[in-house]
Amino acid sequence: MSKSALKREPVAGATSDHRLRTEPWYLSLGDEVAVFLAAYQERLPVLLKGPTGCGKTRFVEHVTWHLYRGQEAAETRSRLETPLITVACHEDLTGTDLVGRYLLAGDETIWMDGPLTRAVREGAICYLDEIVEARKDTTVLIHSLTDHRRMLPVEKLGETLDAHPDFLLVISYNPGYQSVLKDLKPSTRQRFVSLDFDYPDVEHETRIITHESGIDEAAAERLSVVGERVRNLREHGFEEGVSTRLLIYAAKLIARGIEPRRACDLAIARAVTDDEEVVQAINEIVDVLLP
Amino acid sequence: MEADSPSVNLVEAQRLLSLFAQGISGRYFHLQPLAALKGEFRPATPTSDGRTLFLPEAVEEFAEPRQNLGFYKVAVMHQLGFFEFETWAFDLAEARRRVPGLASREAEPRRAQPGELEMFFACFQEQRLVRRLFGVLEDYRVDCGLARAYPGLQRDLGHAMAFALERRGALPSILGAAGLLEALVRCTLRAGAPALRAADATGLVEAVIDAARRAGEPQADVYTSAEQAIRCLKLLRTAGIEETLGVLMLDEVEGSVDVVDFRGDALLDLAQLRLRIDATQHALETLGEAGTAVSPDSLGGIIEDVPDDASPDQLTKALQRRMDSDRGALRRAFGGVSRAERSFLYDEWDYHQRGYLRGWCRLHEEQLKGEQGTAFLESVQHRHGPLLSRVRRQFQHIKPESTERVRKVSDGEEIDLDRAVEARSDIRAGLAPSERVYMRRDRARREVAAAFLVDLSASVREPVPDTDGEPEKPRIAATEDRPFWGARPSLMERDEERRRVLDIQKEALALMVQALDALGDEYGIYGFSGESRDNVEFYVAKELGDRLGIQVWNAIAAMRSHRYTRMGTAIRHTIRKLERQDARRKVMLLISDGYPQDIDYGPDRDDRRYGIHDTAQALREAELAHIQTFCVTIDRAGHDYLREMCPEGRYLIIDEVESLPVELGKVYRLLTRG
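To start, this report covers the structure provided alongside it. (Residues numbered from 1 in each chain as written. Chains lettered and ligands numbered in written order. Predicted model: local features only at pLDDT ≥ 70, side-chain atom pairs only at ≥ 80, totals over all residues. Heavy atoms only, no water.)

1. A short note on the overall build of chain A
For chain A, the count of helices and strands is 12 helices and 10 strands. A total of 291 residues make up chain A; the buried ones form 54% of that total. Put simply, of all contacts in chain A between residues at least 6 apart along the chain, 71% involve residues at least 24 apart. Only carbon and sulfur atoms are counted for the fraction: they give 49% of the accessible area of chain A, which is about 13,300 Å². (Helix = DSSP H or I, 4+ residues; strand = E, 2+ residues; numbered from the N terminus. Buried < 20%, exposed > 50% of the residue type's maximum accessible area, 1.4 Å probe, protein only. Contact = heavy atoms within 4.5 Å. Areas by Shrake-Rupley, 256 points an atom, 1.4 Å probe, with all protein chains shown as cover.)

Below you can see the structure in the form of structure tokens.
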């Protein structure tokens, strides 16, 4: 294969580019924003731990916006077109997918940067979501980027990239979901500052549901209490409980005119389990909680 | 719920109600029929001992199944309401500060170590009446709280109240104490005040109405109910004197007025003891873990009548006395104190009637705990070191046999020729080729979930039968197999004692566990025994999905023999566990030493066939659930019943008990090979 025409093309596939033109709304529940910004100042990699649908991705978007688009954003960062590169990791995701590969285009060979390489070059934040799902060869890349070296080996190009000064690696991890066989090794975990996320309490979750769906606060509060109670059943086949995301879905359906109990049946009960008795129990819980 | 009948029975609704209760409250409650109460207290209406909800076996009062289920929901919510609205937080010292006139009253409890509510009732000569008045007002406070917190419950609650009021019939004239108590109950069922006033001949009904109103206010707490109960007692005394009823007879009034169906007749003071037992247990565990001097204050005030400088031993004894006293009180009242963390109802197959007995058996699940795991492991390694190494190697060899070729990938050891040709063709055609032109061999996940179900009946404590010739002397493991911790002379001394069947079973499990850990299969370790259909005991040493750790070894070491062998119920419970696993292959290995039997396994205790048929049916249910079953037994006379009980070819009789560890491994490999 010829290297005569090395072209670097934009990434496609399992990544999404976040240009962040508007500030993503995020309700802070503690000091997580301040901690992240402090970690960023030191370029300390960050690990977000928490169940699905509790706001980890929205948090990353929010802090990225603050760093790259906010009033105090450095000029170099504010000019970056794609400040956040998110990769949804899965069991077929390899180091090559993250770093890049050669592709054939007609009679030419072009190099395509992977999402991680792109972030490293340009100084973006790279967010690897559910990192333990990815193949083990991704761990080598993480290690070299998350210690004092801050470098990325690109073997196929025969070069080692020094990370852009603005680059930061963020990963997420759901300790409740992964099986025994899939776990972050201590040598990996100890390279990150860890932030724990969980579903918010009723007061905060009500505000989130209200904001995201547009329903009134009283209805949002009821949905949040539904979530709180249904989470008591998490041992019955849905270990993560009901996510805030699902409650927002139910709220959005209600805002569109779907009867509240029906909305909860579709967006909550039947989303978390296929066990008909558990579905019925959830619906009975919803029934007593809603007006 | 049967399609043609509006009635709802507890067996069918049990799981739904249990999930409902757990979701609402965040606590697990056992659900049992009222008929299960075997103590002095046997009400006909719902009640609770603080851990178990006792409900009617069926509800058929209403025309629609939905309404009958609604009655169950209201009954459950009412019992949960005592937790949510903090009835159990009642503290007599706090009540003396808050309730006028109580500070000066001395309590005269009828038994030692009374609870806080018990002490409160004991401040009055008419203890039973005060308990009843407090109960009525507290019931109402809880219901008002439920209606506010659970707007969706208002419909069913209102329905239940209206029905309960209607069942009380026409309101009689209120002439004395009994009439006032009836008026109070009707107030709490939202009877109209005008009708009560019109029936009043005592001039005291207005005050009773006001007492109920205050208990139902949003700001009311348990001390409000206590205060209004004392107020009502005074009103009843006044009415009683006017009727020439002596004060000593006033206590009889409490039994003259019917209990409200959906609220039941909760012995609130005794139920509070149940919670105190849990707190005492926790305190005992804290003491056990602390190991050094612990002050009574640091135990959260659970115990007060000990000196501040009491030693841990003194504290432990005092706590144990407290717990024994509370358990005794509960046992007398309710007929039993469940120690199990979970309980479940299961059907049983009656081969005489060729049908299922619905909800016939109650299984109690308990997590095994202990502290001898390390010593047990050492013992196993000492006795079976070379065998363990051999079994691990054999199991590890299973893995490389199961690989699968994955084609059309972008990263692999070989070129996928078909895809490569396709890619070349695409290039010729001017199209961008796919990069997935390789293939690789992946180690396929075995996706096996296995449950080991061990018979822990009394017979397994029997010694292992003698073999011919001299008994083998215990060996010290060879150097390369010597465990990290080395051989221990004390274990060798113990080996000289006659080993029991249970010891062999535990060792076999230990070997399997270590081999399975190397293999990566998902597995659970369970034991079962029990006595009677109401008390099938199910012990969890390792749950499917749990990691292997010292707790698992402690649990296996803690396995001991119990009583009988109601196999069918234990198998059905294990099926439920395996059904929840997302595995391609599911297996259940039953390790037993005899045929299924129990004191009431069938109408005729001497009829072995009943238990065999029920077990056979349970094994068929497993097969229908795509669970492969296998029975390994050391009962040399087992052919007769095993042929009938087990699926064809799915049992093995082991002649030499000591070979159980090896044979179990062989069976497992055969059963789970791909």
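Back to the text.
2. Some words on helix H1 (residues 10-25) of chain B
Residues and elements named next belong to chain B. For H1, with 16 residues, the first-to-last C-alpha span of 20 Å runs short of the 22 Å given by 1.5 Å per residue. The sharpest bend along H1 reaches about 30° and sits at Leu-16. Just past H1, the residue Gly-26 takes up positive phi, approximately 80°. (Expected span 1.5 Å × (residues − 1). Bend = angle between axes of the 7 residues up to and from the residue.)

3. Describing the packing of helix H17 (residues 501-519) of chain B against helix H22 (residues 660-672) of chain B
Two numbers describe a pair of packed helices, the interaxial angle and the distance between the axes. Residue and element names in this part refer to chain B. Running from N to C, H17 and H22 cross one another at 40°; their axes reach a closest spacing of 8 Å. One way to sum up the angle between H17 and H22 is to call them oblique. Note on packing geometry: the crossing formed by H17 with H22 is right-handed. Counted together, Ile-504, Gln-505, Ala-508, Leu-511, Met-512, Leu-516 and Leu-519 of H17 and Leu-660, Pro-661, Leu-664, Gly-665 and Tyr-668 of H22 form the full contact between these two elements. When grouped by side-chain class, the residues that make up the contact of H17 with H22 number 10 nonpolar, 2 polar and no charged. (Axes fitted to C-alpha atoms, helices over the stretch in contact; angles between N-to-C directions. Parallel < 35°, antiparallel > 145°, perpendicular 65-115°, else oblique. Left-handed = near helix turned anticlockwise from the far one by under 90°. Nonpolar A, V, L, I, M, F, W, Y, C, P; charged D, E, K, R; others polar.)

4. Details of the pattern of salt bridges
Counting across every chain of the model gives 60 salt bridges over all chains. A salt bridge links Glu-277 of chain A to Arg-15 of chain B; the nearest nitrogen and oxygen atoms lie 3.0 Å apart. Taken as a pair, Glu-277 of chain A in helix H12 (residues 276-289) and Arg-15 of chain B in helix H1 lie in two separate chains rather than in one. Shared partners join several salt bridges into a network, and the residues in it are Arg-261, Glu-284 and Asp-287 of chain A together with Arg-66, Lys-73, Arg-155 and Asp-156 of chain B. (Salt bridge = Lys/Arg side-chain N within 4 Å of Asp/Glu carboxyl O.)

5. Brief notes about the packing of aromatic side chains
Across all of its chains, the model carries 20 aromatic pairs over all chains by this definition. Note on Phe-36 of chain A and Phe-59 of chain A: the rings are 5.7 Å apart at their centroids and 85° apart in plane angle, and the pair reads as edge-to-face. In this pair, Phe-36 of chain A is assigned in helix H1 (residues 32-41) and Phe-59 of chain A in helix H2 (residues 56-68), connecting sequence segments 23 residues apart. Where Phe-120 of chain B meets Phe-121 of chain B, the ring centres are 5.6 Å apart and the plane angle is 50°; that geometry is what we call tilted. (Phe/Tyr/Trp six-rings, centres within 6.5 Å; stacked < 30°, edge-to-face > 60°.)

6. A closer look at the pairing of strand S7 (residues 151-154) of chain A
Residue and element names in this part refer to chain A. The two faces of S7 differ: Leu-152 and Val-154 on one face are buried, but Met-151 and Pro-153 on the other face are not. Direction of pairing for S7 relative to strand S8 (residues 159-162): antiparallel, over a ladder of 4 bridges. Among the inter-strand pairings, Met-151 is bridged to a residue of S8, identified as Asp-162. (Pairing = 2+ DSSP bridges.)

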